[in-house]
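Chain by chain, the residues:
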Amino acid sequence: MAIVLGIETSCDETGIAVVEDGRRIVASALASQVPIHAQFGGVVPEIASRRHTQCISQLAQQTIDEAGVAVEAVAVTIGPGLMGSLMVGVGFAKGLAYAWNVPLVPVHHIEGHIFSVFLSDNPPTFPFLALVVSGGHTCLIACDEPHQYRLLGSTRDDAVGESFDKVARMLELPYPGGPSIQEAAKAGNPRAIRFPRGLEHSGELEFSYSGLKTAVLYARQRQTASIADLAASFQWAAVDVLVSKTQLAIEKTGAARLVLAGGVAANRLLRERLVAELPIPVHMPHLSLCIDNGAMIAAAGDSRFRHGLRGDFRVTPDPNLPLCNKGVRS
Ligand code: KG4
Ligand code: ZN
């Protein structure tokens, strides 16, 4: 049995959790900065790191007290993300691991999202295909075995979550854009406007969301469609691309199961359409574990710890960390 503390501070959520065996959340706490950044329409990096600094100690103390168990390893997101925000989490994790004399386990943020699914009631077995969709990433990854990944395709420009956030701004809907577009779309017709699907017929597993975003901007300027119809048509097109590229990836790789993860995995239309339209089972995290959180980092850290992949105190945050960085085998 392993008890791992996970720390996530790569963007605008301070997430701390204690997880047992990579499967069960013993205690967790999350301090969201959404209300702070909402007034600026997006994350302000300096404010984000300052806020992490202000709340991390108290959040960690609360989680550790609530868990009431001895921690055997400290896992922390070391990238990708905002440099200042990552530094707060990594520095704090180093301090804790040193004081407790336990290993420090560096975790890639995307790997954390993938491992959020192991905290669900229906965890997958390796190998699987992963569709990771968030504010910073849109990628299809072949997960051959734990910590062995092959990037099959990613976005050439905007990430899908980023396009939800930018389109919400155009439609004067509140930040973050994903949930507010999903809400506005309820009253709209998804077939009101046929927006372009980026790289639709390319036969490749690459994504592009900038053309879709610009098409929504022009449609908004024409003022002929309602906000609800624009939101519904945009959401349908954005999800359509994810479904069809995932279908293509399944055809190309013969994958037997899909893992959906990342903030955009909370999107109801995406969840429903993947389950309805894919020929293979879909494993998804609980809604509460789609956005950034400490538990997913602890779950990934638990697996790294078991596989002998851990860091040392020289580890530094990397805002552009590639997924294939495997850490130090001990
Ligand atoms: O994973 P996450 O918390 O942070 C990053 O790693 O980027 O993802 C945040 C992103 C935001 O762009 C947000 O608009 C999007 O996830 N998001 C959604 C939904 N909930 C959050 N997008 C579509 N539908 C949702 N329900
Ligand atoms: Zn994330």
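Residues numbered from 1 in each chain as written. Chains lettered and ligands numbered in written order. Predicted model: local features only at pLDDT ≥ 70, side-chain atom pairs only at ≥ 80, totals over all residues. Heavy atoms only, no water.

Some details on the packing of aromatic side chains
Applying the stated criterion across every chain, the model contains 7 aromatic pairs. Summarising the aromatic geometry, the rings of Y98 and F313 are spaced 5.8 Å apart at their centres and angled 85° between planes, so their arrangement reads as edge-to-face. With a gap of 215 residues between them, Y98 in helix α3 (residues 83-100) and F313 in the loop between β11 (309-310) and β12 (328-329) connect regions that are remote in the sequence. Take Y98: its relative accessible area is 65%, and that puts it in the exposed class. When the centroid spacing of 6.4 Å and the interplanar angle of 50° are considered together, the rings of F118 and F128 count as tilted. Here the residue F118 occupies a position in the loop between α4 (109-115) and β6 (128-133), and F128 occupies one in strand β6, the gap between them amounting to 10 residues. One aromatic cluster is present, formed by F115, F118, F126 and F128 through successive ring pairs. (Phe/Tyr/Trp six-rings, centres within 6.5 Å; stacked < 30°, edge-to-face > 60°. Helix = DSSP H or I, 4+ residues; strand = E, 2+ residues; numbered from the N terminus. Buried < 20%, exposed > 50% of the residue type's maximum accessible area, 1.4 Å probe, protein only.)

A look at the layout of surface pockets
Roughly 1,100 Å³ of internal volume is contained in the largest pocket. Around the largest pocket sit 40 residues that line it, and S134, G135, G136, D165 and Y175 are the ones nearest its centre. At the level of secondary structure, the elements contributing two or more residues to the lining of the largest pocket comprise α4, α5 (160-170) and α6 (177-185). The greatest single-element share of the lining of the largest pocket, amounting to 6 residues, is contributed by α5. Partitioning the lining of the largest pocket into residue classes produces 16 nonpolar, 16 polar and 8 charged. Built from parts of two domains, the lining of the largest pocket gets at least three residues from each of domain 1 (3-117 + 289-306) and domain 2 (125-284). Approximately 170 Å³ is the volume found for the second largest pocket. (1 Å grid on protein atoms, 1.4 Å probe; cavity = no way out; pocket = protein on both sides within 12 Å on 5 of 7 lines; lining within 4 Å. Points joined across faces, edges and corners; volume = space filled by probe spheres on them. Nonpolar A, V, L, I, M, F, W, Y, C, P; charged D, E, K, R; others polar. Domains from an automatic or database assignment.)

Quick look at α3
Across its 18 residues, α3 extends 26 Å between first and last C-alpha, which sits within 8% of the 26 Å expected from 1.5 Å per residue. Among the residues of α3, S85, L86, V88, G89, V90, A93, L96 and A97 are the ones counted as buried. Where the residues of α3 are buried, they touch β1 (3-8), α2 (45-67), β4 (73-79) and β5 (104-108). With its phi angle positive at about 60°, N101 sits one or two positions after the end of α3. (Expected span 1.5 Å × (residues − 1). Contact = heavy atoms within 4.5 Å.)

Details of unusual backbone geometry
Negative phi is the rule for most residues except glycine; trans is the rule for most peptide bonds. A cis amide bond links G79 with the next residue in sequence, P80, at an omega value of -10°. Within the element layout of this structure, P80 appears in the loop between β4 and α3. Residue P176 is bonded to the preceding Y175 through a cis peptide linkage, with omega at -5°. Position of P176 among the secondary structure elements: in the loop between α5 and α6. With a phi angle near 55°, E172 is a residue other than glycine that sits in the positive phi range. Here E172 is to be found in the loop between α5 and α6. Backbone geometry at Q223 places phi at a positive 55°, although glycine is not the residue there. Residue placement: Q223 occurs in the loop between α7 (210-222) and α8 (227-253).

Some thoughts on the pairing of strand β8 (residues 148-154)
Across 6 bridges, strand β7 (residues 138-145) lies against β8 in antiparallel orientation. Within β8, the position partnered with C143 by the bridge is Y149. Once β7 ends, the chain turns through 2 residues before running back antiparallel as β8, passing H147 with a positive phi of about 70°. (Pairing = 2+ DSSP bridges.)

Any functional reading would require information that these geometric values do not contain.
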